[in-house]
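Secondary and tertiary structure notes
Listed below are the residues making up each chain.
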Amino acid sequence: MFKHQKWLWGVVILLLIASSPGLINRWNVETASNHYEIIIPYDEILITAQEMDRPIDKVLETLKDAGLTTVSLESVSVNDLKDQKIVSVYDEAEFAKLLEFVESENTLVEKGYYITIPQDARHQQLLSDISDIEVVTFAEKPFYYLPSMSDYSINTPIGYDTVAIDTVADHGFMLTLRYENSANEEFNEKTVDQLLALKNDQITGLLPSGEEVLGFGQGARDVWIDELTNAGYFFYTIEGNNLKGETNLARVADYDIVRLLSIDVNKEKKLTLSDTVDRTTRAVKERNIKAIFYHIKMSGKSDPNFEIKKLINPSLKISGTAEEHLKLATSYLKNVQERMPNQFTLGSPQLFDKVVVPSWVTGLVLLAGVLFTYLASGIFKNNKLRLLGALGMLVIAAAYFILNRLVFLQGFALIIAVITPIYAVITSANGSTKIGKIALEYLKAVGISIIGIVIIIGLLNGNGFITGFETFRGVKLVYVIPIAGVFAYAAFIIKSMLSKDGVRITDAGKLLNKDVKYWHVLVLLVVAAIGYFYISRTGNYGSVSSLELTIRQWLEDTLYARPRTKEFLIGFPFFVLALYVMGISRKWGVALLVLGVIGFLSMVNTFTHLHIPISVSLLRSFYSVVLGFIVGLVFIAIFKVGYRYSAKLRKE
């Protein structure tokens, strides 16, 4: 079948070559964006300085020398200014008691909060900008008074501390401003106005805090996003923390988004320095992460609620000293720079250039996909089914161009992803005991898989995909359907061969009375073990032993990108073994194809993680294919020994 349709394969390959500008553009955009930054929050730096009884300038200098590039600041509240010892805050009861010790003509203390006037004029301006605040005088001394019925509380963000901003900027740091969405549209409007007023070359990124993006659920949301992006801001997205309204924000901002990884050693207490460095380097080189948000370890000493927390949890203790925690942070910063590959530069993160994919490029890839589906449908040996499959894909392609809905491209790509492993395995399932013949069939299966992959990533291309907001849909189906499809194929072949031998598949009694050979049991045990391993490892929460983690890290350090275990130790080797066993007994060899397809579906799945650079996925798959074939040869050698041993037992 493959041989008689070379001309059709030639058309598919030519179409994909003609559409290559789209993928070349993505490759160039990904490789050009090679800057990353490390961010530490200002409040943690301040707490560390206070606990060390050192000026914050000294701590900032220490972190700058170690390699810190960026500091984040949040909009402060009155309570934050109190914690930073910039103001003192009293409620009406505390203030009335205070007045008992001074002479004052004004003794009328109303419900609310009384705030001392800060020394710095900028802090004074920050407080006086609160619409409900007023100045009152007691004992000839002025205080700010915030009524208890105000829309503001002492915990409501009131704006960014420009004194802190200037302090950080004077040390040459970039600044990332954190924002929190408020249910009050007036508060959000004020936040946007202040952000626009603060914008300069050192203040570039906006990082969300909370569970919603700015303006979520409010009419002015898109206007604010436009104003901020037009002013030169970009937005961060936190990996693994999907916020409400974030996809809309990304689309309005034209995907001018920086992917950020948060590392919090306070929450993940078992994280070692080596763990954090490994996690950082892996994120930057493998997942298009351009910002790392690192939390300094906190001792708890400065926590005003520490004693209360200790009453609830008596085992709670002060964790280390500020000096130790600052040393840990500087060690992290230095080690990251030592371990990071040379092509990445520490500095201000770069937004991705626009990945331009013309409509004609998408059209060529869709046409290649239609022809690929026609070829793959040939495994059914039914021309009507082949034409029906190709026609269905043609309808989906037309629907995309007519309706301009991304879901049609995603659906088209999903179908290609599902049929590619099935087609690659079945059309290459020509058994042989000659290694050269096995290698050719193996390369044919790999080649078919690569063509399917090129179609998938050629369709799902653009800034929305490489930033992770637009995704490949149906990952679980790619894990399940190919295995089910090859299992059905194997069952059909085995049933046909048993029928030729005079055995009906429905005759359970005869099958159960068949002699069971030692190697049959061995194969079944191996298949069961592999099946258990595969199921336990599939998904994001599969269990991984400490030994395997060590081996993984060694492979990553040695090879740059670690090949997938299920590919080079399971799928590909068992496919190679299946081809060899089919050369001896097609009936038993075809059963091993069910394990063999795991390698090809996993390779396809590797490229459906579209936020991973193509170069990394290519390198990982190359290692898997090469190592998988070598391990497969080892499997063949082991099988030969076992087969000869079982033959001796049969003679005895």
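Residues numbered from 1 in each chain as written. Predicted model: local features only at pLDDT ≥ 70, side-chain atom pairs only at ≥ 80, totals over all residues. Heavy atoms only, no water.

**Comments concerning the packing of aromatic side chains**
- Under the definition given, this model contains 21 aromatic pairs.
- Consider the rings of Tyr-442 and Phe-572, whose centres lie 5.9 Å apart with planes at 90°: the pair is edge-to-face. In this pair, Tyr-442 sits in helix H18 (residues 435-459) while Phe-572 sits in helix H24 (residues 565-584), placing the two residues 130 residues apart along the sequence. Phe-572 carries the same exposure label as Tyr-442, and that label is buried.
- Ring-pair connections join several aromatic residues into one group, and the members of that group are Tyr-90, Phe-95, Tyr-114, Phe-138, Phe-143 and Tyr-145.
- When the ring centre of Phe-293 is taken as origin, the NZ or CZ atom of Arg-178, which lies over that ring, is 5.2 Å away.
- Over the ring of Tyr-233 we find Lys-199; its NZ or CZ atom is 5.5 Å from the centre of that ring. (Phe/Tyr/Trp six-rings, centres within 6.5 Å; stacked < 30°, edge-to-face > 60°. Helix = DSSP H or I, 4+ residues; strand = E, 2+ residues; numbered from the N terminus. Buried < 20%, exposed > 50% of the residue type's maximum accessible area, 1.4 Å probe, protein only. Lys NZ or Arg CZ within 6 Å of the ring centre and 35° of its normal.)

**Examining the packing of helix H15 (residues 359-376) against helix H17 (residues 406-427)**
- Closest axis-to-axis distance for the H15/H17 pair is 10 Å, and the angle between their directions is 35°. Considering only the axes of H15 and H17, their crossing is left-handed. Contact residues: Thr-362, Leu-366, Gly-369, Val-370, Phe-372, Thr-373, Leu-375 and Ala-376 in H15; Leu-409, Phe-412, Ile-416, Ile-419, Thr-420 and Tyr-423 in H17. (Axes fitted to C-alpha atoms, helices over the stretch in contact; angles between N-to-C directions. Left-handed = near helix turned anticlockwise from the far one by under 90°. Contact = heavy atoms within 4.5 Å.)

**A word on a nonpolar patch on the surface**
- Taken together, Phe-622, Val-626, Ile-630, Val-634 and Ile-638 make up a surface patch of nonpolar side chains, about 450 Å² in accessible area.
- Within the secondary structure, Val-626 sits in helix H26 (residues 614-651). (Patch = residues over 30% accessible without salt bridge, like charges linked within 9 Å, V, L, I, M, F, W, Y side chains within 5 Å. Areas by Shrake-Rupley, 256 points an atom, 1.4 Å probe, with all protein chains shown as cover. Salt bridge = Lys/Arg side-chain N within 4 Å of Asp/Glu carboxyl O.)

**Structural notes on the nonpolar core**
- Counting residues in hydrophobic clusters, the biggest one holds 82 residues, and the most contacted among them are Phe-372, Phe-472 and Leu-593.
- For this core, the element with the most residues is H17, which contributes 13 residues.
- When near neighbours in sequence (up to four residues on either side) are disregarded, Leu-593 contacts Val-425, Ala-429, Val-486, Tyr-489, Phe-575, Ala-578 and Met-582.
- Residues Tyr-233, Leu-249, Met-340 and Phe-344 belong to the second largest nonpolar core, which totals 64 residues. (Core = buried A, V, L, I, M, F, W, Y, C linked by side-chain atoms within 4.5 Å.)

**Overview of the pairing of strand E7 (residues 174-180)**
- Most of E7 sits inside the fold, with six of its seven residues counted as buried.
- The sheet contact formed by strand E2 (residues 70-74) and E7 spans five bridges and is parallel. Following the sheet pairing, Glu-74 is matched in E7 by Arg-178.
- Alignment of E7 against strand E8 (residues 203-209), held across six bridges, turns out to be parallel. Residue pairing in the sheet places Leu-177 in a bridge with Leu-206 of E8.
- Running through helix H9 (residues 185-198), the crossover from E7 to the neighbouring parallel element E8 is right-handed. (Pairing = 2+ DSSP bridges. Right-handed = clockwise from strand over helix to strand, strands pointing away.)

**Some details on the pairing of E8**
- Of all seven residues that make up E8, seven are buried, and the element is covered over most of its length.
- In the sheet, E8 pairs with strand E9 (residues 234-238) via two bridges, with the strands oriented parallel. In the sheet register, Gly-205 faces E9, and the bridge partner there is Phe-234.
- This β-α-β element, E8 to helix H10 (residues 221-230) to E9, shows right-handed connectivity.

**Examining empty space enclosed by the protein**
- On inspection of all chains with the given rule, the structure shows two cavities of 30 Å³ or more.
- In this model, the largest cavity occupies a volume close to 30 Å³.
- Arg-26, Ile-457, Thr-606, Phe-607, His-609, Leu-610, Ile-612, Pro-613, Ile-614 and Ser-617 are the residues that line the largest cavity.
- Within the residue set of the lining of the largest cavity, elements represented by two or more residues are helix H25 (586-608) and H26.
- Looking at the lining of the largest cavity, its residues break down into six nonpolar, three polar and one charged.
- Its volume calculated, the second largest cavity comes out at about 30 Å³.
- Together, Ile-47, Thr-48, Glu-51, Ile-296, Lys-297, Met-298, Ser-299, Ala-322 and His-325 line the second largest cavity.
- Taken together, the elements giving at least two residues each to the lining of the second largest cavity come down to helix H3 (42-52) and helix H14 (322-339).
- The leading source of residues in the lining of the second largest cavity is H3, at three residues.
- A class-by-class count of the residues in the lining of the second largest cavity yields four nonpolar, three polar and two charged. (1 Å grid on protein atoms, 1.4 Å probe; cavity = no way out; pocket = protein on both sides within 12 Å on 5 of 7 lines; lining within 4 Å. Points joined across faces, edges and corners; volume = space filled by probe spheres on them. Nonpolar A, V, L, I, M, F, W, Y, C, P; charged D, E, K, R; others polar.)

By themselves these figures say nothing about function.
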